[in-house]
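# A structural walkthrough
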Amino acid sequence: MDIEERQPVPAGPGPGQPVGPPSGDAAGPGSGEPDGPAVTGGPGAGRSPLARRVLIGAAVGCVVLGGVLVLLPSTGPGGAPPPSPGPVARAMTAVGAGAPAALPDLAALIGDRETHLRAHPRDDQSWAVLGTAYAEQARRTATAAYYPKAEKALRTSLDVRPKDNAAALDGLAGLAVARGDFRTAKQWGEASVKLAPKRWTAYPALVDAYTGLGDPKATRRALDRLLALRSGPVTQAVAARAYWDRGWREDAGAAIADATAGATTPSQQAAFLQQGGQLAWERGDVQESLDHYRAAVNTDPDEHGALAGQGRALAALGRTSEALRAYQTALAKRPAPRYALELGELYEKLGLPGAARVQYDLVRELVRRDAAGGVDDELVIGFLEADHGDPQEAVRRLRAEWDRQPGIAVADALGWALHRAGDDAQALTFATRTMDKEHGGEVRSALYAYHRGEIERGLGKAGPARRHLAEALRINPSFSPLLVPAAQQALAALGEPPAEGLPEPSDHEEESGAAGESGAGTGAAGAPGTAAPQPAPRPASSGPAVAPSAPRSPSALAPGPSTVR
């Protein structure tokens, strides 16, 4: 199926403005177009009062009749209402628009295309649709075995039609994002844009790819182009993720609210509700996040990621039994490594080390299974090894990940692994990058702030450590069941800032010193640059708060590649 090209529409709004299409018509009140001259004469001006009343009555009758006709349902042949789209048509529409599709509809579409292709093996568009549907099935169910099937179908589409096959290129870009392979996603997405620059469907994958590769300027260009070409719920959801990464929390919330309101299917609405729940969690609104997650599951029971979100929020609210059930149900229906790690850390918080180890072993098993399907779970396994296994193994894996795709999330994970392995000087060069606007470190993340504060505390930098640990608790006072108590203890151990004497060093001065300690160049850990990046100074603050660094929890991980592609 060929995804039709859309004509360009006006560019998307800037920060603080709605993301969706403008309300109202192009011309009308307030549009700058004149409403027309006042009529003071002309035909009919001299009619009798009776004639004027007759004409007015006829006009009103026409208006009423028109309203009745508008309210009547359209009919098909024989006067019957047109049939609603079936599951195959619904899934075809969703796949073509890069939107979430219901799992039963996806299964119907996959079966339909497989049957069709057995009779028509040279139908390149059907191969592209089948591949994209397989990728969506894999993402929705966390079943990595579908990913190789998706790749085979999409490459078959390219084999059948090697040129001018933008649908297959789009599908391959989306597949790479779903696998966490951002470099490959960039290659396929850029090839699609080069082939058909006015097609919007490659840009969501490119936004995620550039973000994963740590290229904020390219991310913004891709988002601007997407919003210029297309408006609607899918692009609003993409914009919400990008706005969050830029630190625009209110804009992100408004964009995902607009996407949810404009969703056209329950599956779309549930996916956007889940994304709204994640944003609410990241800013510390625990009850609001729980409400979003519950609404998502009520809207589409197959939105299993929202079940894990409920577990996260319920644990923060102290409703432990409900949290455990939510996590267990999510893992049974969508066995993702991240959920197993979160559940293991909740067990550890509850003083159940045996149950925690079972989950940590499950994480390793799921990561191996995903790797067979080409999925990159290095962040999850890196955090597992750093906190509950072998920190040196975490450093080794995350250095390799940094070489492949040096995004902000990888910088945070590698910096933390280096800290856990005892190399705080190198760790700080990565931790500062997570807050360096020049390299895209604009997101307000409690986890990033906590990691940086602990690394600074390990280096004896009391002032910056105090600021960043307090900042973590301000951003999200519930960001982790293990780390919130650790942050509070650390702040208490640091005590209040000195009342007299020389002022404490600014972030700028501290980071310059960190660069000198860690050495120039990339160093053994592949540290970025010859000097630590310089984030904007933050106001000093004191606060309650950690003894030795506690293991981090994955619950505040930045949202993964799009729930909507």
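In the block above lies the structure referred to throughout.
Every value quoted in this text rests on a predicted model; they were computed, and no experiment measured them.

Analysis parameters
- Residues numbered from 1 in each chain as written.
- Predicted model: local features only at pLDDT ≥ 70, side-chain atom pairs only at ≥ 80, totals over all residues.
- Heavy atoms only, no water.
- Helix = DSSP H or I, 4+ residues; strand = E, 2+ residues; numbered from the N terminus.
- Buried < 20%, exposed > 50% of the residue type's maximum accessible area, 1.4 Å probe, protein only.
- Areas by Shrake-Rupley, 256 points an atom, 1.4 Å probe, with all protein chains shown as cover.
- Expected span 1.5 Å × (residues − 1).
- Contact = heavy atoms within 4.5 Å.
- Axes fitted to C-alpha atoms, helices over the stretch in contact; angles between N-to-C directions.
- Parallel < 35°, antiparallel > 145°, perpendicular 65-115°, else oblique.
- Left-handed = near helix turned anticlockwise from the far one by under 90°.
- Nonpolar A, V, L, I, M, F, W, Y, C, P; charged D, E, K, R; others polar.
- Phe/Tyr/Trp six-rings, centres within 6.5 Å; stacked < 30°, edge-to-face > 60°.
- Salt bridge = Lys/Arg side-chain N within 4 Å of Asp/Glu carboxyl O.

### Here's the deal with the overall build of the protein
Counting secondary structure elements, the protein contains 25 helices and zero strands. Residues counted as buried form 50% of the 565 residues belonging to the protein. A total accessible area of about 24500 Å² is found for the protein, and carbon and sulfur atoms account for 57% of it.

### As for unusual backbone geometry
Apart from glycine, the bulk of residues carry a negative phi angle, and the bulk of peptide bonds sit in the trans form. Residues other than glycine seldom take positive phi values, yet Ala142 does so here, at roughly 55°. Here Ala142 lies in the loop between α4 (124-141) and α5 (146-160). According to the relative accessible area criterion, Ala142 is buried, its value standing at 13%. Located in the positive-phi region is Asp164, a residue other than glycine, with phi close to 55°. Looking at the element boundaries, Asp164 is found in the loop between α5 and α6 (166-179).

### With respect to α6
For α6, with 14 residues, the first-to-last C-alpha span of 20 Å sits near the 20 Å given by 1.5 Å per residue. For α6, a buried count of 14 out of 14 residues is recorded, marking the element as mostly surrounded by other parts of the structure.

### Focus on helix α8 (residues 203-212)
Residues three or four positions apart in an α-helix share a direction because the helix packs 3.6 residues into each turn. With respect to burial, α8 is a largely interior element, nine of its ten residues being buried. Looking only at α8, the buried set comprises Tyr203, Pro204, Ala205, Leu206, Val207, Asp208, Ala209, Tyr210 and Gly212. Along its buried surface, α8 packs onto α6, α7 (182-195), α9 (216-229) and α10 (233-245).

### Looking at the packing of helix α19 (residues 391-404) against helix α20 (residues 408-420)
The N-to-C vectors of α19 and α20 enclose an angle of 155°; their axes lie 9 Å apart at closest approach. Considering the angle they form, α19 stands roughly antiparallel to α20. For the pair α19 and α20, the sense of crossing is left-handed. Here Pro391, Ala394, Val395, Leu398, Arg399, Glu401 and Trp402 of α19 lie close against α20, whose contacting residues are Val410, Ala411, Ala413, Leu414, Ala417, Leu418 and Arg420. Across the contact of α19 with α20, the residue classes tally to eleven nonpolar, no polar and three charged.

### Brief notes about the packing of aromatic side chains
Under the definition given, this model contains five aromatic pairs. Each ring, one from Trp402 and one from Phe430, has its centre 5.2 Å from the other, and the planes form 90°; the classification is edge-to-face. Taken together, the residues span a long stretch of sequence, with Trp402 in helix α19 and Phe430 in helix α21 (residues 424-433) at a distance of 28 residues. Comparing Trp402 with Phe430, the two get one shared label, buried. Ring geometry for Trp416 and Tyr450: centres 5.9 Å apart, planes at 50°, overall tilted. One end of the pair, Trp416, is in helix α20; the other, Tyr450, is in helix α22 (residues 446-458), with 34 residues separating them in the sequence. Judged by its relative accessible area of 0%, Tyr450 is buried. Taken together, the ring pairs in this structure connect Trp416, Tyr450 and Phe479 into an aromatic cluster.

### Focus: the packing of α10 against helix α11 (residues 249-262)
Two elements in contact, α10 and α11, have axes separated by 8 Å at closest approach and are oriented at 160°. Considered as vectors, α10 and α11 are oriented roughly antiparallel to each other. When you trace α10 past α11, the crossing you get is left-handed. On α11, the residues that touch Pro233, Gln236, Ala237, Ala240, Tyr243 and Trp244 of α10 are Arg249, Asp251, Ala252, Ala255, Ile256, Asp258, Ala259 and Gly262. Residue classes in the contact of α10 with α11 are distributed as nine nonpolar, two polar and three charged.

### Regarding the pattern of salt bridges
Under the counting rule described, the total for this entry stands at 28 salt bridges. A salt bridge links Lys186 to Glu190; its shortest N-O distance comes to 3.5 Å. Separated by four residues within a single helix, Lys186 and Glu190 lie in helix α7, roughly one turn from each other. Given the relative accessible area of 27%, Lys186 is considered partly exposed. Through salt bridges with shared partners, a single network forms among Glu378, Glu393, Arg396 and Arg397.

### Topic: the environment of Ala295
Take Ala295: it is sitting in helix α13 (residues 286-299). Under the relative-accessibility criterion, Ala295 is labelled partly exposed at 28%. A sequence separation of 25 residues divides Ala295 from Ala270, and the C-alpha atoms of the two residues are 7.3 Å apart.

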